[in-house]
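Fold and contact review
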Amino acid sequence: MQQQIYERLRNRLIAGSFFPGEAVSSRGLAQALDVSAMPVREALTRLTAEGALELTNSRTLRVRVLTPDDFDEATAIRLDLEGMAAIRAAGQATGEDAAAVRRLHRDLIAAAESVDADRYLSANAAFHSGIYTAARWPLLLGMIQRLWLIVGPSIRSSVPDRQHMATSMQFHNAAAEAMEARDATTLRSAVVDDIRTAAINIRASLADEAGDTT
């Protein structure tokens, strides 16, 4: 039960279901999930240790608020790790992997057309995860998921809108085609360009919130 709750909350953070600074409590989440408070409390402890949640001065638990510098660091690491995963995925992917990514890509297209931010971000996380899973390096996948866990809420608070979705889908479409063709160079470029382009708006939003003029 504790593991299931942990995974549900982790996936919601990755998909941007929570906003930065949003207060969370074991009692409130237990009521929402219709479970007892103990396994929720244990899951929140794990998520705090992983950097997704933080304690405020008043001892309230909240979703971590990234500074622009925090985000820059996470983005730089993501570019390297996700680019690496894309290259390896292109070389390791089986026909089943490619079919799974095609299905996830169709879901992502439908989500973008709906202009539903929650649906889009969930489909976006699943699409990227489908590519990285095909790399068959579980340690690398775990490191990538840890970074998504931290940046997911900031992505949700800053994007996406219709324009962002349209821009991002250009990279997703290229990634899906490259995965199908097992084209490592193009797949890596699509993944890296997607991260780098989205990061511009996300970082600007974080800087505005922090009053940072740099």
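Up top is the structure these notes are about.
Residues numbered from 1 in each chain as written. Predicted model: local features only at pLDDT ≥ 70, side-chain atom pairs only at ≥ 80, totals over all residues. Heavy atoms only, no water.

Some remarks on the overall build of the protein
In terms of regular secondary structure, the protein is built from nine helices and two strands. Counting from the amino terminus, the protein carries its helices and strands in the arrangement α-α-α-β-β-α-α-α-α-α-α. The C-alpha radius of gyration computed for the protein amounts to 17 Å, which stays within 12% of the reference 17 Å derived for 214 residues, consistent with globular compactness. Projected onto its principal axes, the C-alpha positions of the protein cover 50 × 45 × 35 Å. Taking all 214 residues of the protein together, 46% fall into the buried category. Put simply, of all contacts in the protein between residues at least 6 apart along the chain, 75% involve residues at least 24 apart. (Helix = DSSP H or I, 4+ residues; strand = E, 2+ residues; numbered from the N terminus. Rg over C-alpha atoms; globule rule 2.2 N^0.38 Å. Buried < 20%, exposed > 50% of the residue type's maximum accessible area, 1.4 Å probe, protein only. Contact = heavy atoms within 4.5 Å.)

Topic: the side chain of Asp97
Position of Asp97 relative to the elements: it lies in helix H5 (residues 95-114). For Asp97, the residues in contact, after removing those within four places along its chain, are Gln92, Ala134 and Arg136.

Side note on the nonpolar core
By size, the foremost hydrophobic cluster in this structure holds 65 residues, and its most contacted members are Leu9, Leu47, Leu53, Tyr120, Ile131, Met179 and Leu187. Those residues in contact with Leu9, other than ones at most four positions away along the chain, are Phe18, Leu29, Leu33, Ala43, Leu44 and Leu47. (Core = buried A, V, L, I, M, F, W, Y, C linked by side-chain atoms within 4.5 Å.)

Thoughts on helix H2 (residues 26-33)
All buried positions along H2 are accounted for by Ser26, Leu29, Ala30 and Leu33. Within H2, the buried residues cover an arc of 105° as seen down the axis, which keeps them to one side. Counted as exposed and oriented over 90 degrees from the buried face of H2: Arg27, Gln31 and Ala32. Here the buried face of H2 lies against helix H1 (2-14) and helix H3 (37-49). (Arc of directions from axis to C-beta.)

Some details on the environment of Leu61
Structurally, Leu61 is set in strand S2 (residues 61-63). Judged by relative accessible area, Leu61 falls into the buried class, the value being 15%. Spatially, the C-alpha atoms of Leu61 and Ser168 are 32 Å apart, while their sequence positions differ by 107 residues. In this view, Leu61 contacts Glu22, Ala23, Val24, Leu44, Thr48, Leu53, Glu54 and Leu55; residues no more than four positions away in its chain are not counted.

Some remarks on the packing of aromatic side chains
Under the counting rule described, the total for this entry stands at zero aromatic pairs. It is Arg46 that lies over the ring of Tyr6; its NZ or CZ is 3.6 Å from the centre. (Phe/Tyr/Trp six-rings, centres within 6.5 Å; stacked < 30°, edge-to-face > 60°. Lys NZ or Arg CZ within 6 Å of the ring centre and 35° of its normal.)

Some points on unusual backbone geometry
In this model, Arg59 sits at a positive phi of 70°, which is unusual for a non-glycine residue. Mapping Arg59 onto the fold places it in the loop between strand S1 (53-55) and S2. Take Arg59: its relative accessible area is 63%, and that puts it in the exposed class. Its identity is not glycine, yet Arg136 carries a phi of approximately 60°, on the positive side. Tracing the chain through its elements places Arg136 in the loop between helix H6 (117-133) and helix H7 (138-158). You can call Arg136 partly exposed: its relative accessible area is 42%.

Thoughts on the pattern of salt bridges
One pass over the full model with this rule turns up eight salt bridges. The salt bridge involving Arg203 is made with Asp72; its shortest N-O contact spans 3.0 Å. With Arg203 in helix H9 (residues 184-210) and Asp72 in helix H4 (residues 68-92), the pair connects residues that are 131 residues apart, well separated along the chain. (Salt bridge = Lys/Arg side-chain N within 4 Å of Asp/Glu carboxyl O.)

Side note on the packing of H6 against helix H8 (residues 162-181)
If you want to describe how two helices pack, look at the angle between their axes and the distance between the axes. Interhelical geometry of H6 versus H8 gives an angle of 25° and a closest axis separation of 12 Å. Between H6 and H8, the angle falls in the class roughly parallel. At the point where H6 passes H8, the crossing takes the left-handed sense. Of the residues in H8, those in contact with Ala117, Tyr120, Asn124, Phe127, His128 and Ile131 of H6 are His164, Met165, Ser168, Met169, His172, Ala175, Ala176 and Met179. (Axes fitted to C-alpha atoms, helices over the stretch in contact; angles between N-to-C directions. Parallel < 35°, antiparallel > 145°, perpendicular 65-115°, else oblique. Left-handed = near helix turned anticlockwise from the far one by under 90°.)

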